[in-house]
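# Report on the structure
Listed below, chain by chain, are the residues.
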Amino acid sequence: MKFKIKKLLCVCSCIMLVFCISAPGYAATKTATGTSKKMAFPVNNGGWSYINFVQTYNENYTKPNSSVMKLSSRERIVVAKVAAATQSPKLDVVVAHFNSGGSAVKYFTSWSKISIVYDGSTYNSGSGYKNTEQRTYNISSGYYGQMATSASCSGSTVTYQPVVSKIYFK
Amino acid sequence: MKKQISAIVIAGAACILGGLSVYSNQAADAALSGVGKTAEYSDLLAESYTDVNDFYHETLEPDGLSDDQVSALENLDTIYEVGDNIAISTQEVEQYTEFYINSGMTQEDAEAEARKDAEERAALYVEAIRNGYTVTDEEIYEWLDELKSVLEEDNNMDAYQAAMSGFDSEEAYWDYEYQIYTVDLPIQKYAQAKEQEFYQENPDAGESDIAYNSWYDAYQELKAELAAKQNFR
């Protein structure tokens, strides 16, 4: 009898554990990454400047019920390697939320620096930032978040499309 | 019962993994524009400006040009201006001016930008050599191999083809690149060393913008300072 009670308690504990984990309201993270594939810029002295970077975009969220997603904070990380002489490329990072029609509903401009770890033998520099503005969206509305990083080089006529990482809020 | 417990534990693990949604790479492939202007500029480079880098080696004096050397250089029609350690050719300034005009600038603005670029490149080269960042032929060829492999990636192929289009052959183009990197590779090595030094000396770099952009801004200042230090006249 004692043994059966123990088994029953064990099963109940497991059910509770699964319920707690899958129940609405628990915190989780969605991540999107993107790689630049080395953007090479022909520069005015006849040489080249190139940049290679990887970006990571996280959105931290909870789902208080089945129709709503509460976004509590987000992180953006860029690690880069540059090979350039006189004309260096520059990076521009934009993080924003968009509605299903592709119009921006919120640009995030207030960021605090966070510590990151990156491979110093592959990349020269790396930076991570966190924004803690809260946003709430209806899951069925098709909203999404996007991190876009563009590289430009003032001594070059060549321009590249930005690297874009998207997270859908559903 | 054991099987039931195992099933529940597996289901629980699946929920945990499901909760930590990891989205795969959704980056758009980088596409480029501006290759038409690069091709036009390549024609100009191949036609008129393949000897520009010779002046760097011919006029550099790491310990400083003597008064006699300065006077002699100032009397040459091929010299645009002379600094404390190096001279800038008229041809180089014309080359950069053509670049900026080709990019849509007015003649006056193009000349001002061209002069700035030529002075900064010359000043950086002086500083690189003075700090021991010389290069061997082997290092240049090694770098050109690395550069070629980057340019042959799908992403860069159009820009590479455009940059090469004005030259008679691929070999002629890489011979030209060799000449450029006799000057640019020492500068590149110097810039990389200064970049690492910058991050070490400025642990707070990147407080408001990414650390690399802080270095970018610092490098613009460094170039201007070095050019001013050359006292070009």
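The structure we're discussing is the one just above.
## Looking at empty space enclosed by the protein
In the structure shown here, the tally under the stated rule is two cavities of 30 Å³ or more. Taken together, 14 residues line the largest cavity, and the ones lying closest to its centre are P42 of chain A together with T38, Y41, L45 and A163 of chain B. Of the residues forming the lining of the largest cavity, the biggest block, four residues, is contributed by helix α2 (residues 35–48) of chain B. Here the lining of the largest cavity is built from residues that sort into eight nonpolar, five polar and one charged. Here the second largest cavity defines a volume of roughly 70 Å³. If you trace the second largest cavity, you find it lined by V82, A83, A84, A85 and S88 of chain A together with A191, Q192, E195, Y212, W215 and Y219 of chain B. Looking at the lining of the second largest cavity, the elements with two or more residues in it are β4 (68–83) of chain A together with α9 (170–201) and α10 (211–229) of chain B. Residue composition of the lining of the second largest cavity, grouped by class: eight nonpolar, two polar and one charged.

## A look at the pairing of β4 of chain A
Residue and element names in this part refer to chain A. The buried fraction of β4 is high, at 12 of 16 residues. Pairing of strand β3 (residues 48–65) with β4, which is carried by 14 bridges, proceeds in the antiparallel orientation. Each bridged residue has a counterpart across the sheet, and for Y61 the counterpart in β4 is L71. The turn joining β3 and β4, which pair antiparallel and follow one another in sequence, is formed by two residues. By the bridge criterion, seven bridges tie β4 to strand β8 (residues 125–131) in an arrangement that is antiparallel. Counted as the bridge partner of I77 is G128 from β8.

## Quick look at the layout of surface pockets
Taken as a whole, the largest pocket spans an internal volume of roughly 270 Å³. If you go around the largest pocket, you meet 16 residues; those closest to its centre are K113, Y118 and G126 of chain A together with P203 and A211 of chain B. Listed by contribution, the elements that provide at least two residues to the lining of the largest pocket are β7 (112–114) and β8 of chain A together with α9 of chain B. No other element matches the four residues that β8 of chain A contributes to the lining of the largest pocket. For the lining of the largest pocket, the residue count by class is seven nonpolar, eight polar and one charged.

Thresholds, definitions, all that
Residues numbered from 1 in each chain as written. Chains lettered and ligands numbered in written order. Predicted model: local features only at pLDDT ≥ 70, side-chain atom pairs only at ≥ 80, totals over all residues. Heavy atoms only, no water. 1 Å grid on protein atoms, 1.4 Å probe; cavity = no way out; pocket = protein on both sides within 12 Å on 5 of 7 lines; lining within 4 Å. Points joined across faces, edges and corners; volume = space filled by probe spheres on them. Helix = DSSP H or I, 4+ residues; strand = E, 2+ residues; numbered from the N terminus. Nonpolar A, V, L, I, M, F, W, Y, C, P; charged D, E, K, R; others polar. Buried < 20%, exposed > 50% of the residue type's maximum accessible area, 1.4 Å probe, protein only. Pairing = 2+ DSSP bridges.

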